[in-house]
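Each chain, written out:
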Amino acid sequence: MAKGAMRRPYWLEDGEETCESCTHTFVVQVVVRCSGCDAAGCAQCVVRNWVSHEVLCSECRQLEGAE
């Protein structure tokens, strides 16, 4: 490998998994699952609750806020 041609870390690659919220692709090693509906998504689309340690997709977050 040439000196300036280093590979990007795997978590920065495009990957083959598709986020159900934003339809962007990501690598399977960094999948995030919603605590409410178990939908697979990328780390940019979920909302993390640092107190309860829940990870919610945008749809479940809206349902939680409506209650």
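Residues numbered from 1 in each chain as written. Predicted model: local features only at pLDDT ≥ 70, side-chain atom pairs only at ≥ 80, totals over all residues. Heavy atoms only, no water.

Novice: Is there a simple way to think about the overall build of the chain in this case?
Specialist: A tally of regular secondary structure across the chain gives 1 helix and 6 strands. The secondary structure elements of the chain, listed N-terminal to C-terminal, are β-β-β-β-β-β-α. Among the 67 residues that make up the chain, the fraction classed as buried is 21%. Carbon together with sulfur atoms contributes 51% to the accessible area of the chain, which is approximately 5,500 Å² in total. (Helix = DSSP H or I, 4+ residues; strand = E, 2+ residues; numbered from the N terminus. Buried < 20%, exposed > 50% of the residue type's maximum accessible area, 1.4 Å probe, protein only. Areas by Shrake-Rupley, 256 points an atom, 1.4 Å probe, with all protein chains shown as cover.)

Novice: When you look at the layout of surface pockets in this model, what are you seeing that I'm missing?
Specialist: If you roll a probe as big as a water molecule over the atoms, it shows you where there is empty space left. Taken as a whole, the largest pocket encloses approximately 240 Å³ of empty space. Contributing to the lining of the largest pocket are W11, L12, E13, D14, H24, T25, F26, V27, V30, C42, A43 and Q44. Here the residues of the lining of the largest pocket sort into 7 nonpolar, 3 polar and 2 charged. (1 Å grid on protein atoms, 1.4 Å probe; cavity = no way out; pocket = protein on both sides within 12 Å on 5 of 7 lines; lining within 4 Å. Points joined across faces, edges and corners; volume = space filled by probe spheres on them. Nonpolar A, V, L, I, M, F, W, Y, C, P; charged D, E, K, R; others polar.)

Novice: Sorry, what's going on with the environment of L12 here?
Specialist: Relative to the helices and strands, L12 resides in the segment before strand 1 (17-18). Residues L12 and F26, 14 residues apart in the sequence, show an inter-C-alpha distance of 8.0 Å.

Novice: What exactly am I supposed to notice about a nonpolar patch on the surface here?
Specialist: Residues Y10, W11 and L12 make up a contiguous nonpolar surface patch of roughly 350 Å² in combined accessible area. Note that Y10 resides in the segment before strand 1. The exposure class assigned to Y10 is partly exposed, which follows from its relative accessible area of 44%. (Patch = residues over 30% accessible without salt bridge, like charges linked within 9 Å, V, L, I, M, F, W, Y side chains within 5 Å. Salt bridge = Lys/Arg side-chain N within 4 Å of Asp/Glu carboxyl O.)

Geometry only, nothing functional implied.
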